[in-house]
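# Structural characterization, general
What follows is the residue order along each chain.
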Amino acid sequence: MKKFFEAIVRGVLTCSGFVTSLVILLIIGFLFTEGAGLFNEPMVEEGYVLALNKENDVSSLTAEQIKAVFDEDIVNWKEIGGRDMPITTFRLEDVERYFTVEELGSEYEHVGMCIASLIARSPGMIAFVPQSMLPADAEVRYIDDSTISLSEVFAGTEWFPTATPAPLFGIVPLLAGTLWVSLFAILFALPFGLSVAVYMSEVASERMRSVLKPVIELLNGIPSVVYGFFGLIVIVPLLQQGFNLPVGESGLAGSIVLAIMALPTMITVAEDAMRSCPRSLREASLALGATRWQTICKVVIPSSMSGITSGIVLGIGRAVGETMAVLMVTGNAAIIPTSIVEPLRTIPATIAAELGEAPAGGAHYQALFLLGVILFFITLVINMSVEYISSRNKYKLR
Amino acid sequence: MKIEVKDIDFYYGSFHALKNISMGIEQNKVVAFIGPSGCGKSTFLRLFNRMNDLIPDTRLTGQILIDGKDVYAPKVEVDVLRKEIGMVFQRPNPFPMSIFENVAYGLRVNGVKDKVFIAQRVEETLRGAALWDEVKDKLKASAYALSGGQQQRLCIARAMAVSPSVLLMDEPASALDPISTAKVEELIRELRKELTIIIVTHNMQQAARVSDKTAFFYMGEMVEYDDTKVIFTHPRKTETQNYITGRFG
Ligand SMILES: Nc1ncnc2c1ncn2[C@@H]1O[C@H](COP(=O)(O)OP(=O)(O)OP(=O)(O)O)[C@@H](O)[C@H]1O
Ligand SMILES: [Mg+2]
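These numbers come from a predicted model, not from an experiment. (Residues numbered from 1 in each chain as written. Chains lettered and ligands numbered in written order. Predicted model: local features only at pLDDT ≥ 70, side-chain atom pairs only at ≥ 80, totals over all residues. Heavy atoms only, no water.)

## So, the overall build of chain A
Operational definition: Secondary structure follows DSSP: runs of H or I at least 4 residues long count as helices, runs of E at least 2 residues long count as strands, and numbering of each begins at the N terminus. Radius of gyration means the value over C-alpha atoms here, while the globule rule gives 2.2 Å times the residue count to the 0.38 power. Should any heavy atoms of two residues lie within 4.5 Å, those residues are considered in contact. The Shrake-Rupley method, run with a 1.4 Å probe sphere, supplies the accessible areas, and residue values consider only the shown protein chains as cover.
The helix and strand tally for chain A stands at 16 helices and six strands. Radius of gyration (C-alpha) of chain A: 29 Å, far over the 21 Å computed for a compact globule of 398 residues. Dimensions of chain A along its principal axes, counting C-alpha atoms only, are 100 × 70 × 35 Å. Within chain A, contacts between residues at least 6 apart in sequence are counted, and of these 68% link residues at least 24 apart. Roughly 20,300 Å² of accessible area belongs to chain A as shown, and the carbon and sulfur atoms make up 65% of that amount.

Following this line, the structure appears as structure tokens:
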């Protein structure tokens, strides 16, 4: 009977361990397949083509060039490797500027013919039209329909997923935003967090501790929207006045809010680590004539280093992955930040803000999954590097 | 007299742990504290270097003089005092540092910067603790790579490095095997030439082997304090007699 019971318990434990691992693997696999799908997507919107005059010898364009052309930032073919002639752009909605209703036909049945002839007679034209509309024998050249390339995504400096004809999925600004905000958040949180942890574990009286500790743990339970709200109402206006900024929503506001959010975890974990430093070590140090502060700096902190670092990592993890509060206070401008007082945008905020409007299965949707994968890697790298650092401490306690 | 204890009473909260203790200890002597568990030996020992200051809600009356100076006088700087009075604990408690740094620690926290001097002092004290030959090739290794007995000798070396004039040892050999114990006892006999030693022990033979004088404690009182020979051969009090012959405790 007892054996049977133990077998059941073991079975349940094994099962739950197995299921959990499987779920985690599935999530990761799902992220990866969805994210990798981005690189199979055509650069230009599905079903559309970019058609040129037969004489034009430009055969391929990058997404950024396409966007610049249609934004009229590039106005001459020689800027993008063609002959010296002005560019005219053509979108379907322009068709009535060139043709009368009679020419197009009452049911628009001649529209393909018209556009084909228009392209044939204007040497500098680039037309963005549905492929099915143009007759198969149209006298036009098509821009090669390449897929979205790795370099466009990972080295691209513009994130513009709704641009037509070619959306831009450069993640550099988002990556920079995320790292920038997290870095500053840690820079703010670290000195405060460590000092409070040292204070709580070494200086505060038992009474003080019994009040402070629950309060700090309570801070951990406050939902991040509330922190975001606080940031929006208090920190953002304060920064705007303090630094004389056009807008207060900025990376700095984000890092301050994140620092506040990371503090409770950092403090409690680091404090627990320091308090668990054996009394015998403290006594040994004091008995050698070390002062209390020497003991803290040279014995207590070094011997609880692995606990302190895990506190810091948990804090960083929160900063890197935090969505709501950052979304509310950073201003969400997808530009590469040059200073911390500019608006910027982080990866999680982008995913949260855009997933709702991205059609499932489309390039934009897959790009957001790719962002998820990247986020996953960032946290993975942070965790592993810290693991590595703390494992290098040769003088571990037993 | 190196150390004079006058009318000590000590309380943990309302618990009267030490009752009216007075004794004198001469320079370069080894004094053993014996007595059943919970009789207050550790409490008493920790009064000499003010380790009990760390425990909240304790109270002391009476005086302890070392070299004629009151240990508990208000102007005494505790860290200076503790450098003068070394301590070795019951369990080896090396720092999570290298062997070298463990011994150098006391010098460093007391402001010694001279690297050559530190290296010299580390070697000297490790030799003094009969550990040098075993560790001289791995000074940079973690102290936790040593055996328990080696760790305890390292802790003795660590305490000796700051040149104290008194060494307090709280059951220094209780966690060690017989061979390591013999080495520690040998060490105590050597160290006596340089300083005054107070050692707490549960091991009667050990007290008999290493000490010049022995104090027997019982329920917070010092029952008898005399030459070790006298205590172990002709104790005056029956409690002492019973304890050393193993009839209670
Ligand atoms: N921190 C403390 N708070 C309250 N009471 C204490 C404290 N430390 C010791 N005591 C009490 O004081 C008495 C003496 O303790 P002490 O540790 O000095 O005994 P000991 O003689 O060293 O015993 P052992 O041989 O077991 O080490 C004991 O009754 C113990 O319960
Ligand atoms: Mg004891």
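## Some points on the interface of chain B and chain A
Rules: When two parts are put together, the accessible area they lose, computed with a 1.4 Å probe and summed over both, is reported as buried area. We define a salt bridge as a side-chain nitrogen of Lys or Arg found within 4 Å of a carboxyl oxygen belonging to Asp or Glu.
Between chain B and chain A, the contact holds 30 residues from the first and 22 residues from the second. In total, chain B and chain A occlude about 2,100 Å² of area from one another, counting both sides; carbon and sulfur atoms represent 62% of this. Taken together, chain B and chain A are joined by one salt bridge. With a closest N to O distance of 3.0 Å, Arg46(B) and Glu283(A) form a salt bridge.

## Focus on the sheet that holds strand S2 (residues 15-25) of chain B
Residues and elements named next belong to chain B. Applied cut-off: Strands are labelled as partners when DSSP assigns at least two bridges between them.
A sheet is described by the order of its strands in space; here four strands give the open sequence S2-S1-S4-S5, paired in antiparallel fashion. Since the sheet does not close on itself, it has two edges, and those belong to S2 and strand S5 (69-70), each with one partner. The pairing of strand S4 (residues 58-66) with S5 spans two bridges and is antiparallel. Counterpart to Ile66 in the pairing with S5 is Lys69.

## Some points on the sheet that holds strand S1 (residues 48-53) of chain A
All names here are of chain A. Let me state the cut-off plainly: Think of each axis as a best-fit line through the C-alpha atoms, taken over the contacting stretch in the case of a helix, with angles from 0 to 180 degrees between the N-to-C directions.
What the four strands build is an open sheet, ordered S2-S3-S1-S4; its pairing is mixed. Sheet topology places strand S2 (88-91) and strand S4 (140-142) at the edges, where each strand pairs with a single neighbour. Neighbour to neighbour, the strand axes of the sheet diverge by 30° on average, direction disregarded. Its contacts with the sheet put helix H2 (residues 63-70) on S1, S2 and strand S3 (125-130), and the angle it makes with S2 is roughly 95°. Against the sheet, helix H5 (residues 111-121) touches S1, S2, S3 and S4, its axis set at about 40° to S1.

## With respect to the site of ligand 1
All names here are of chain B. For the record, the criterion: One heavy atom within 4 Å of a molecule or strand makes the whole residue count as near it. Whenever two N or O atoms come within 3.5 Å, that pair is a polar contact, provided that in protein one can donate a hydrogen and the other can accept it, and provided that, for residues adjacent in sequence, both atoms are side-chain atoms.
Ligand 1 sits among Tyr12, Phe15, Ser37, Gly38, Cys39, Gly40, Lys41, Ser42, Thr43, Ile55, Glu171 and His202. Lys41 places a polar side-chain atom, nitrogen or oxygen, 2.8 Å from an oxygen atom of ligand 1. Between His202 and ligand 1, the recorded distance is 2.7 Å, taken from a side-chain N or O atom to an oxygen atom. Relative to its unbound accessible area of 630 Å², ligand 1 is 63% covered by the protein chains. Ranked by residue count, the leading element in the shell around ligand 1 is helix H1 (residues 41-48), at three residues.

## Considerations on the domain arrangement of chain A
Rules: Here the limits of each domain have been adopted from an automatic or database domain assignment.
You can read the domains of chain A as domain 1 (48-146) and domain 2 (172-397). Relative placement of domain 1 of chain A and domain 2 of chain A: their C-alpha centres are 51 Å apart.

## Remarks on the packing of helix H7 (residues 172-203) of chain A against helix H13 (residues 305-321) of chain A
Residue and element names in this part refer to chain A. How we decide: Put simply, a crossing is left-handed when the front helix is turned counterclockwise from the back one by less than a right angle, and right-handed when it is turned clockwise. Residues were grouped as follows: Ala, Val, Leu, Ile, Met, Phe, Trp, Tyr, Cys and Pro as nonpolar; Asp, Glu, Lys and Arg as charged; and all remaining residues, including Gly, as polar.
Relative orientation of the contacting elements H7 and H13 amounts to 140°, with a least axis distance of 9 Å. The two elements H7 and H13 cross, and the hand of that crossing is right-handed. The residues of H13 that touch H7, namely those facing Thr178, Ser182, Ala185, Ile186, Leu190 and Leu194, are Ile308, Ile312, Gly315, Ile316, Ala319 and Val320. Residue composition of the contact of H7 with H13, by class: nine nonpolar, three polar and no charged.

## Remarks on the packing of aromatic side chains
Basically, it comes down to this: Any two of the Phe, Tyr and Trp rings considered here, Trp counted by its six-membered ring, make a pair once their centres fall within 6.5 Å; the pair's planes then place it as stacked at under 30 degrees, edge-to-face at over 60, or tilted in between. For every residue, the accessible area obtained with a 1.4 Å probe (protein chains only) is divided by the maximum for its type, and the residue is called buried under 20%, exposed over 50%, and partly exposed between those limits.
Following the criterion strictly, the structure yields 19 aromatic pairs over all chains and no others. Relative to Phe376(A), the ring of Phe32(A) has its centre 6.4 Å away and its plane inclined at 85°; by these criteria the two rings are edge-to-face. Taken together, the residues Phe32(A) in helix H1 (residues 2-36) and Phe376(A) in helix H16 (residues 363-391) connect sequence positions 344 residues apart. With a relative accessible area of 26%, Phe376(A) lands in the partly exposed category. Aromatic side chains Phe33(B) and Phe44(B) sit 5.2 Å apart centroid to centroid with 15° between the ring planes, which places their arrangement in the stacked category. Remark: Phe44(B) occurs in helix H1 and Phe33(B) occurs in strand S3 (residues 30-34); sequence separation between them is 11 residues. Here the two residues Phe33(B) and Phe44(B) agree in accessibility, since each one is buried.

## What to know about a nonpolar patch on the surface
How we decide: Patch criteria: residues need more than 30% relative accessible area and no salt bridge. Like-charged residues are merged within 9 Å; nonpolar side chains of Val, Leu, Ile, Met, Phe, Trp and Tyr are merged within 5 Å.
Together, Phe18(A), Val19(A), Leu22(A), Val23(A), Leu26(A) and Ile27(A) make up a nonpolar patch on the protein surface, roughly 590 Å² of accessible area in all. By the secondary structure assignment, Leu22(A) is in helix H1.

## Looking at the nonpolar core
Put simply, the rule is: Within this scheme, the nonpolar core is defined by two criteria: the residues are buried Ala, Val, Leu, Ile, Met, Phe, Trp, Tyr or Cys, and they are joined through side-chain atoms within 4.5 Å.
In this structure, Phe33(B), Phe44(B) and Leu126(B) are the most contacted members of the largest nonpolar core, which totals 131 residues. With 13 residues, the top contributor of residues to this core is H16(A). Ignoring anything within four residues of it in the chain, the contact list for Phe33(B) reads Met23(B), Lys41(B), Phe44(B), Leu45(B), Phe48(B), Ile198(B), Ile199(B), Val200(B), Thr201(B), Ala215(B) and Phe217(B). Residues Val58(A), Leu61(A), Ala68(A) and Ile80(A) belong to the second largest nonpolar core, which totals 21 residues.

## Topic: the pattern of salt bridges
It is possible for side chains bearing opposite charge to pair when their charged atoms get close. In total, this model carries 24 salt bridges over all chains according to the counting rule given. Between Glu124(B) and Arg121(B) there is a salt bridge whose closest N-O contact spans 2.6 Å. Of this pair, Glu124(B) and Arg121(B) both sit in helix H4 (residues 115-128), three residues apart, which is roughly one turn of that helix. Lys193(B) is the partner of Glu190(B) in a salt bridge, and the nearest nitrogen-oxygen pair spans 3.2 Å. Here Glu190(B) falls in the partly exposed class, since its relative accessible area comes to 37%. One continuous salt-bridge network, built from bridges that share partners, spans Glu206(A), Arg209(A), Lys213(A), Glu271(A), Asp272(A) and Arg275(A).

## Some details on unusual backbone geometry
Positioned with a positive phi, Asn244(A) is a non-glycine residue whose angle comes to about 55°. Structurally, Asn244(A) is set in the loop between helix H9 (224-242) and helix H10 (251-275). For Asn244(A), a relative accessible area of 69% corresponds to the exposed category. Positioned with a positive phi, Asp7(B) is a non-glycine residue whose angle comes to about 50°.

## Digging into the packing of H7(A) against H10(A)
The packing of two helices is summarised by the inter-axis angle and the distance between the axes. Residue and element names in this part refer to chain A. Packing of H7 against H10 brings their axes to within 6 Å, and their N-to-C directions diverge by 35°. Pair H7 / H10 crosses with right-handed handedness. Here the residues of the contact of H7 with H10 are counted per class, giving 21 nonpolar, five polar and three charged.

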